[in-house]
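Structural overview
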Amino acid sequence: MTSKNSSIGIVLVALGASSYGMLATFVKLAYQEGFTTAEVTTAQFIYGILGMLLINLFQRVTQQKTVRKATTKNSFQLMLAGTSMGMTSVFYYLAVGFIPVSIGIVLLMQTVWMGVLLEWVLDKKKPSLQKTIAVFIVIIGTLLAINIFQIDFHNSNIEWAKGCALGLLAAASFTTTMFTANKIALEISAAQRSLYMLFGGGIIVFGFGLFTQIAPFNLEIFFKWGIVLALFGTIIPPVLLNAGFPMTGIGLGSIVSSLELPVSVCMAYVVLNERVVPLQWLGIACIIFAIVIMNVSFRKK
């Protein structure tokens, strides 16, 4: 791998992660205009599926070699894995309706230690001392980032508790998505895999909308926020990350992708005027430091 390719990969991963980081702020802005979680997620997944269909069509037309098609088994497995993607969107978007975006993204980043735990349980891979230390740093960083010392637990409202619970559920769903996505149907193109996972996620999102949307569906969401949410949530990030990670490698790519956290907090601070105290920035720095520790090899060559 040349340094030029590595540099290009870093830029691609950074842009993809930054796109994800902006997403929650756009959701919050849509909420301020009166749109519901069902409307936001439905519009995002419909446009996302259409976008990925076009990308797949473009690849088939432009690539000289025949694109390997997904088998029925591949399609079913990817759609099943994609249901966790749909649950991530639903839980995360519900969460930021109750709590600040800067808190929601910190809770979503709990995938760092959840992934280690899931790998231990399912793959029987006991975490190394390096990963264990990183997990403890993430937990400490999280407590600082949610400003735990300023929370009045006696008077904290039920909405804050709901938001935190939903944020952790989103993290658990996202962990499942990442774990399964790296193991299923790796022989077919990333665009095909993304498409079938979106189909699976769409089933969850559409079902959620069907059972929770009481008022008439506001079609304006498709013209105001739908395309933006799809671009920054289901089209740009997967394409850029899938293109960038092979150039950077998993370790470096994971470190660069942690850029999602400060970008999300900065967007919330600048656009939504959310208050972020120095202690929270320290917590965010701890989480990013933990991700670096987890993905850097300290062994002597």
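Structure first, text after, so check above.
**Some points on the overall build of the protein chain**
When its secondary structure is counted, the protein chain shows 13 helices and 0 strands. The N-to-C order of helical and strand elements in the protein chain reads α-α-α-α-α-α-α-α-α-α-α-α-α. Within the protein chain, the proportion of its 301 residues that are buried is 50%. In the protein chain, the proportion of contacts linking residues at least 24 apart, taken out of those at least 6 apart, comes to 89%. Between the mean site of the 19 positive side-chain charges and the mean site of the 10 negative ones, the protein chain shows a separation of 18 Å.

**Some words on helix α5 (residues 111-122)**
Across its 12 residues, α5 extends 15 Å between first and last C-alpha, which sits within 8% of the 16 Å expected from 1.5 Å per residue. Taken from the residues just after α5, K124 is the one with a positive phi, measuring 60°.

**With respect to the packing of aromatic side chains**
Tallied over the full model, the rule gives 6 aromatic pairs. The interplanar angle of 35° and the centroid separation of 5.9 Å between the aromatic rings of F217 and F222 together place this pair among those described as tilted. The partly exposed category is assigned to F217, whose relative accessible area is 31%.

**Here's the deal with the pattern of salt bridges**
Taken as a whole and assessed by the stated rule, the structure comprises 2 salt bridges. Salt-bridge contacts for K224 lead to E33; the nearest nitrogen and oxygen are separated by 3.7 Å. Taken together, the residues K224 in helix α9 (residues 221-224) and E33 in the loop between α1 (3-32) and α2 (37-62) connect sequence positions 191 residues apart. Look at K224 and you get partly exposed, because its relative accessible area is 45%.

**Side note on the packing of α2 against helix α3 (residues 72-95)**
One can describe the packing of α2 onto α3 by two numbers: an axis separation of 10 Å at closest approach and a directional angle of 140°. Considering only the axes of α2 and α3, their crossing is right-handed. For the pair formed by α2 and α3, the contact residues are T37, V40, T41, Q44 and F45 on the first element and M85, G86, S89, V90, Y93 and L94 on the second. Residue classes in the contact of α2 with α3 are distributed as 6 nonpolar, 5 polar and no charged.

**Describing the nonpolar core**
One finds V40, Y92, V106, W225 and L261 to be the most contacted residues of the largest nonpolar core, which totals 52 residues. For V40, the residues in contact, after removing those within four places along its chain, are V27, A30, Y31, F35, Y93, I221 and L229. Within the second largest apolar cluster, 10 residues are counted, among which are V90, A191, L198 and F208.

What counts and what doesn't
Residues numbered from 1 in each chain as written. Predicted model: local features only at pLDDT ≥ 70, side-chain atom pairs only at ≥ 80, totals over all residues. Heavy atoms only, no water. Helix = DSSP H or I, 4+ residues; strand = E, 2+ residues; numbered from the N terminus. Buried < 20%, exposed > 50% of the residue type's maximum accessible area, 1.4 Å probe, protein only. Contact = heavy atoms within 4.5 Å. Lys, Arg positive; Asp, Glu negative; His and termini not counted. Charge placed at Lys NZ, Arg CZ, Asp CG, Glu CD. Expected span 1.5 Å × (residues − 1). Phe/Tyr/Trp six-rings, centres within 6.5 Å; stacked < 30°, edge-to-face > 60°. Salt bridge = Lys/Arg side-chain N within 4 Å of Asp/Glu carboxyl O. Axes fitted to C-alpha atoms, helices over the stretch in contact; angles between N-to-C directions. Left-handed = near helix turned anticlockwise from the far one by under 90°. Nonpolar A, V, L, I, M, F, W, Y, C, P; charged D, E, K, R; others polar. Core = buried A, V, L, I, M, F, W, Y, C linked by side-chain atoms within 4.5 Å.

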